[in-house]
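Geometric and topological summary
Each chain, written out:
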Amino acid sequence: MENLNTALGLLVVGMVTVFIILWLVVVIGNLVIRLTNRFIPVADPTAGKAGNGGIAGKRVHSKKLAAIVAAVDVVTQGKANVESIEKK
């Protein structure tokens, strides 16, 4: 019976330790996110328009943009082009 009490005691201590560490990770992560959002300025959304081939919208990864343009070209057999990409 003594071994069972020791095992249960270790189980409780271990679970409490894990809970505290995970809570600290969440709290510190939220703190870093809030500090970053408060003190680091957001990039100007109009600055990215000139470098993406005239396609409006926020930053679109170049490989994603190429895939979208290629898909539109294949589906429409070259009769359409992509003028803007917007996230809704």
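The structure displayed is predicted, hence computed values, not measured ones.

The next point concerns the overall build of the protein. If you tally the helices and strands in the protein, you get 2 helices and 0 strands. When the 88 residues of the protein are sorted by exposure, 5% land in the buried category. Summing over all exposed atoms, the protein offers an accessible surface of approximately 8100 Å²; the carbon and sulfur share of this is 67%.

With a phi angle near 55 degrees, glutamine 77 is a residue other than glycine that sits in the positive phi range. With respect to the helices, strands and loops of the structure, glutamine 77 is situated in the segment after helix H2 (62–76). Glutamine 77 gets classed as exposed once you look at its relative accessible area, which sits at 67%.

Below, the discussion takes up a nonpolar patch on the surface. On the surface, a cluster of nonpolar side chains totalling about 850 Å² of accessible area is made up of Val12, Val16, Phe19, Ile20, Trp23, Leu24, Val27, Ile28 and Val32. Given the relative accessible area of 40%, leucine 24 is considered partly exposed.

Its 15 residues give H2 an end-to-end C-alpha distance of 21 Å, which sits within 8% of 21 Å, the value for a rise of 1.5 Å per residue. Two residues or fewer past H2, glutamine 77 is found with a positive phi of approximately 55 degrees.

Quick look at the confidence of the model for the protein now. When the pLDDT values of the protein are averaged, the result is 83; 81% of them are 70 or greater. Counting contacts from residues 50–54, a segment whose pLDDT is below 50, to residues more than four positions away or on other chains yields 3 contacts.

Conventions adopted
Numbering of residues starts from 1 in each chain and follows the order in which that chain's sequence is written. Given that this is a predicted model, residues contribute local features only at a pLDDT of at least 70 and side-chain atom pairs are listed and counted only at 80 or more, while totals for whole chains, interfaces and linings are drawn from all residues. Hydrogen atoms and water are omitted, and side-chain values are computed over all heavy atoms in the structure. Strands here mean DSSP runs of E at least two residues long; helices mean DSSP runs of H or I at least four residues long; both are numbered from the N terminus. The rule is simple: take the accessible area with a 1.4 Å probe, protein chains only, and divide by the maximum for that residue type; under 20% is buried, over 50% is exposed, in between is partly exposed. For accessible areas, the Shrake-Rupley method is used with a probe of radius 1.4 Å. Any residue's cover is judged against the shown protein chains and nothing else. The patch calculation keeps residues exceeding 30% relative accessible area without a salt bridge and links them within 9 Å when they carry like charges or within 5 Å when they are nonpolar (Val, Leu, Ile, Met, Phe, Trp, Tyr). Only one rule defines a salt bridge in this text: a Lys or Arg side-chain nitrogen within 4 Å of an Asp or Glu carboxyl oxygen. One less than the residue count of a helix, multiplied by 1.5 Å, gives the span that helix is expected to have. pLDDT measures how confident the predictor is about each residue, on a scale from 0 to 100. A contact between two residues is defined here by any heavy atoms of the two lying within 4.5 Å.

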